[in-house]
Every structure is written in C-alpha cells, then in structure tokens.
Amino acid sequence: MIKFKSISIKKSIILSLLTSFFITFSFSQNNSDDQSSFWKNVQFGGGIGLNLGNGFFSGGLAPAAVYRHNAYVSTGVGLNFQYSSQRDVFKSTVLGGSIIGLFNPYRELQISTEFEQLYVNRDFDEQFVANVDDSYWYPALFLGAGYRQGNVTFGIRYDVLYDEDKSIQNQAWMPFVQFWF
C-alpha cells in the first residue's frame, strides 16, 4: 500500500508541475507588436550564379534567411540549387539546404559558419567519358570571415570537410559576396 501511495504522489507532483507550466505559458499575450518586431529582425538574401562557356552552362540559386538576435549574432537557413552541363561530357544537378550562423564582433567584421548538406547527381555521357554516373549526399562545413559594409559582406570561407573527389567545388577556399535585405 505504501508503494502504491508513493507512486501516486510522484504522479500527482509531476502532473501538477506540468499543468502549472502549461497554464503559465498559456496566459502569455500575443501582442501584434511582438510579431512585427520578429519580422523587423529577419533578413533575406542569398546568391545567384551563372557561368557560360563553349558548350558549358552552370547556373545556381541560393536563397537564405537569417534572424538577427542582437547586434552581434544572427542565425538562419538557406536553400541551394545548381545545374551544370558540358556538352557531350556531363550533366550535374545539386540540391540541398544549409544552417547559417553569423557573428559580428565589430560592425565591419563578420565571422560565419555554415553547414550545408547537398544531394549531388552526376550523369556522364558514356560515349565520351569513362566516369561512372553517381548520386550521393555531400556535407560541407564552411568557416569564413568577411568585411561588412551595410547590407553587403565580402569575404572568404573554407570548407573544413572538403573532399577532392566528392565536393562540387574545385578547392576548399572560396571567396564570397553576401547581400542581405
């Protein structure tokens, strides 16, 4: 009987704590000023790329959104789509997403981290190239630093997880330009 009573008391305490928790947070007010201040701290940006050559085409679109928590820290997400083709050689499609972290210790200095997970599909023309078609997931972890002026940042970033055989980039170091609105 004592064992049953102690279990019942524990359940009552846990239930009371959970109920108190939900009641406390259910009475919070939904102020429209709070909602509008959220969107005032959201910035949209990203990148667009186009590369044309003799029988070569490459295009990319990478929209992103970050939330500015304060003057120093922003976090967000991004999407990535790229298509490349070389006539009679290959076609490549890349789709993925990323998690972004930005730190501004000074107004002009921006330190960035970005974890990107990409699905890569490469289709080689067997008539001209002996490479095997492949599809795989490729992770990238970029650490970067840049000079920020207003809504534009110029900088360089490094892919810590760079793999020469799997990366869609030809080297681990990459310059970047970011625009945020």
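Data block above holds the structure.
Reference entry: report on the structure contained in this document. (Residues numbered from 1 in each chain as written. Predicted model: local features only at pLDDT ≥ 70, side-chain atom pairs only at ≥ 80, totals over all residues. Heavy atoms only, no water.)

## A look at the overall build of the protein
Each helix and strand in the protein was counted, giving two helices and eight strands. Ordered by position from the N terminus, the helices and strands of the protein form the series α-α-β-β-β-β-β-β-β-β. The buried share of the protein, taken over its 181 residues, is 26%. Taking all contacts inside the protein whose residues are at least 6 apart in sequence as the whole, residues at least 24 apart take part in 43%. (Helix = DSSP H or I, 4+ residues; strand = E, 2+ residues; numbered from the N terminus. Buried < 20%, exposed > 50% of the residue type's maximum accessible area, 1.4 Å probe, protein only. Contact = heavy atoms within 4.5 Å.)

## Points about the pairing of strand β4 (residues 90–106)
Relative to β4, strand β3 (residues 73–86) is paired through 14 bridges, and the arrangement is antiparallel. Paired with T75 across the two strands is G101, which belongs to β4. Counted between consecutive antiparallel strands, the loop separating β3 from β4 contains three residues, among which D88 sits at a positive phi close to 65°. Where β4 meets strand β5 (residues 109–124), 15 bridges bridge the pair, whose relative direction is antiparallel. Bridge pairing in β5 places S92 opposite R122. (Pairing = 2+ DSSP bridges.)

## Overview of the sheet that holds β5
The eight strands lie next to each other as β1-β2-β3-β4-β5-β6-β7-β8, forming a closed barrel whose pairing is antiparallel. Sheet twist, expressed as the average angle between the axes of neighbouring strands with direction ignored, equals 25°. Inspection of the sheet shows β5 paired to strand β6 (residues 134–149) by 14 bridges, in the antiparallel sense. Considered in β6, the bridge of T113 is made with L143. (Axes fitted to C-alpha atoms, helices over the stretch in contact; angles between N-to-C directions.)

## Some thoughts on a nonpolar patch on the surface
On the surface, V77, I99, F115, L143, I156, Y158, V160, L161 and W173 cluster together into a nonpolar patch covering about 820 Å² of accessible area. Take F115: it is sitting in strand β5. (Patch = residues over 30% accessible without salt bridge, like charges linked within 9 Å, V, L, I, M, F, W, Y side chains within 5 Å. Areas by Shrake-Rupley, 256 points an atom, 1.4 Å probe, with all protein chains shown as cover. Salt bridge = Lys/Arg side-chain N within 4 Å of Asp/Glu carboxyl O.)

## What to know about the nonpolar core
Ranked by size, the top nonpolar core spans eight residues in total: V94, L118, V120, Y136, Y138, A140, F142 and M174. For this core, the elements supplying multiple residues, two or more each, are β5 and β6. Not counting residues within four places of it along the chain, the set of residues in contact with Y138 comprises E116, Q117, L118, V120, D159, L161, Y162, D163, K166 and S167. Counting residues in each nonpolar core, the second largest holds five residues, with A64, V66, I100 and L102 among its members. (Core = buried A, V, L, I, M, F, W, Y, C linked by side-chain atoms within 4.5 Å.)

## Section: the packing of aromatic side chains
Applying the stated rule across the entire model yields six aromatic pairs. Ring centres of F38 and W39 lie 5.0 Å apart, and the angle between their planes is 85°; this geometry places the pair in the edge-to-face category. Between R157 and the ring centre of F142, over which it is positioned, the NZ or CZ distance is 3.7 Å. If you follow K166 out to its NZ or CZ, it ends over the ring of Y136, 4.5 Å from the centre. (Phe/Tyr/Trp six-rings, centres within 6.5 Å; stacked < 30°, edge-to-face > 60°. Lys NZ or Arg CZ within 6 Å of the ring centre and 35° of its normal.)

## A look at the pattern of salt bridges
Oppositely charged side chains are able to pair whenever their charged atoms sit close together. Applying the stated criterion across every chain yields a total of one salt bridge. The residue E114 makes a salt bridge to R157 at a minimum N-O spacing of 2.9 Å. Residue E114 is located in strand β5, and its partner R157 is located in strand β7 (residues 152–159); the two are separated by 43 residues in the primary sequence. A relative accessible area of 18% places R157 in the buried class.

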